[in-house]
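What follows is the residue order along each chain.
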Amino acid sequence: MAENAERSEETLYKPSPKSIEREKQAMEEEPKEDLSSLLLPNLNDLPQNPPTAVEFNFSRYFLPDFTKPGHDQYIYRHANGLCVIGLAQAHVALKEEGGVTAVDFNVGKSDRSELKVTGKRKRNAQHFESNSALCKVCTNDNFYIVRCCVKGSLLEVNDRLIKQPGLLNSSADREGYVAIIMPKQGDWLKIKDSLLSYEDYVKLRGLL
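Bear in mind the structure is a predicted one, so any value in this text is a computation, not a measurement.

*Asks:* Can you tell me about helix H8 (residues 185–192), naming the residues and giving the values?
*Replies:* Those residues of H8 that fall on the buried side of the exposure criterion are Asp187, Trp188 and Ile191. Summarising the axial view, the buried residues of H8 lie within an arc of 100°, below the 170-degree limit, and thus occupy one face. Looking at the buried side of H8, the elements it contacts are strand E1 (58–63), strand E2 (73–78) and strand E3 (83–87).

Listed below in structure tokens is the structure:
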């Protein structure tokens, strides 16, 4: 009895040759997705000016005339709270003939380039005020003090600038950054509203 039931069940669910043929035809008629469309984007869907790495990874803020006229600096803030500090595009030093010719981190009572921060707890990080000096940038005729811009712990200075000061002239917003600072959330919120957005800054300086 059980054997007969199994046979009748097999007979009941066994597809007919015609149904198999119909399924085969349906599969052949189904449009096949072009795999290249998954790998290569449609050029018409891409923005005319895709964001740079800085624009994609950071919120950009600016301090025009910080402590003195023409001393424009930027703060690029990462989502993790770290702030990259540097010279803004319209900083007076970058406008001088020959641009920046030397960078000296020996300011105040210590040489900032000798700072060595270690571990997750950022041991040895020094705490500075927003107007504390980070370094001195020199041109052919003058020198300018670059400041922290935000109160916080100094984690790193870009000591490449000592041997390659020209990075400030060619890529001040990338390889030519000056320092990285970690402010406390409360200290950041205190100054955030006083900063200019990128759009407002370029409008102010007529850089559009």
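*Asks:* Provide a residue-level description of the nonpolar core, including the pertinent values.
*Replies:* Core analysis: the largest hydrophobic core is formed by 33 residues, its most contacted members being Ile75, Val137, Leu168 and Val178. Elements with a contribution of two residues or more to this core: E1, E3, strand E8 (133–138), strand E9 (143–147), strand E10 (152–157), helix H7 (167–171), strand E11 (179–182) and H8. If near-sequence neighbours (up to four positions away) are discounted, isoleucine 75 is found in contact with Ser59, Arg60, Tyr61, Leu63, Cys83, Val84, Ile85, Cys149, Val150, Trp188, Ile191 and Leu195. Counting ten residues, the second largest nonpolar core, distinct from the first, contains Val54, Tyr74, Tyr76 and Ala90.

*Asks:* Mind laying out the sheet that holds E11, listing which residues take part and the relevant values?
*Replies:* Judged by pairing direction, the sheet is antiparallel, and its seven strands sit side by side in the order E7-E10-E11-E3-E2-E1-E12 without closing on themselves. Lying at the two open borders of the sheet, with one neighbouring strand each, are strand E7 (126–128) and strand E12 (196–197). The pairing of E1 with E2 spans six bridges and is classified as antiparallel. Counterpart to serine 59 in the pairing with E2 is arginine 77.

*Asks:* Quick rundown of unusual backbone geometry? Include the residues and the values.
*Replies:* Even without being a glycine, aspartate 65 presents a positive backbone phi close to 55°. Locating aspartate 65 in the fold gives a position in the loop between E1 and E2. The exposure class of aspartate 65 is partly exposed, given its relative accessible area of 37%. Look at threonine 67: it is not a glycine, yet its phi comes out positive at around 75°. Mapped onto the fold, threonine 67 is located in the loop between E1 and E2.

*Asks:* Quick one: what's the story with the pairing of E11, residue by residue and with numbers?
*Replies:* Pairing between E3 and E11: three bridges, direction antiparallel. By the bridge assignment, isoleucine 85 is partnered in E11 with alanine 179. Bridge count between E10 and E11: four bridges; the pairing is antiparallel. From the neighbouring strand, leucine 154 faces E11, where its bridge partner is isoleucine 181.

*Asks:* Tell me about the packing of aromatic side chains, and please be specific about residues and values.
*Replies:* All chains considered together, the criterion is met by six aromatic pairs. Taking 5.2 Å as the distance between ring centres and 75° as the angle between the ring planes, the aromatic pair formed by tyrosine 61 and tryptophan 188 counts as edge-to-face. You can see tyrosine 61 sitting in strand E1 and its partner tryptophan 188 sitting in helix H8, a full 127 residues away along the chain. Both residues of the pair, tyrosine 61 and tryptophan 188, belong to the buried class. Between phenylalanine 62 and tyrosine 201, the aromatic rings sit 4.5 Å apart at their centres with planes inclined by 5°, giving stacked as the arrangement. Pair noted here: phenylalanine 62 is in strand E1 and tyrosine 201 is in helix H9 (residues 198–205), with a separation of 139 residues, a long-range link.

Quick notes on the rules
- Residues numbered from 1 in each chain as written.
- Predicted model: local features only at pLDDT ≥ 70, side-chain atom pairs only at ≥ 80, totals over all residues.
- Heavy atoms only, no water.
- Buried < 20%, exposed > 50% of the residue type's maximum accessible area, 1.4 Å probe, protein only.
- Helix = DSSP H or I, 4+ residues; strand = E, 2+ residues; numbered from the N terminus.
- Arc of directions from axis to C-beta.
- Contact = heavy atoms within 4.5 Å.
- Core = buried A, V, L, I, M, F, W, Y, C linked by side-chain atoms within 4.5 Å.
- Pairing = 2+ DSSP bridges.
- Phe/Tyr/Trp six-rings, centres within 6.5 Å; stacked < 30°, edge-to-face > 60°.

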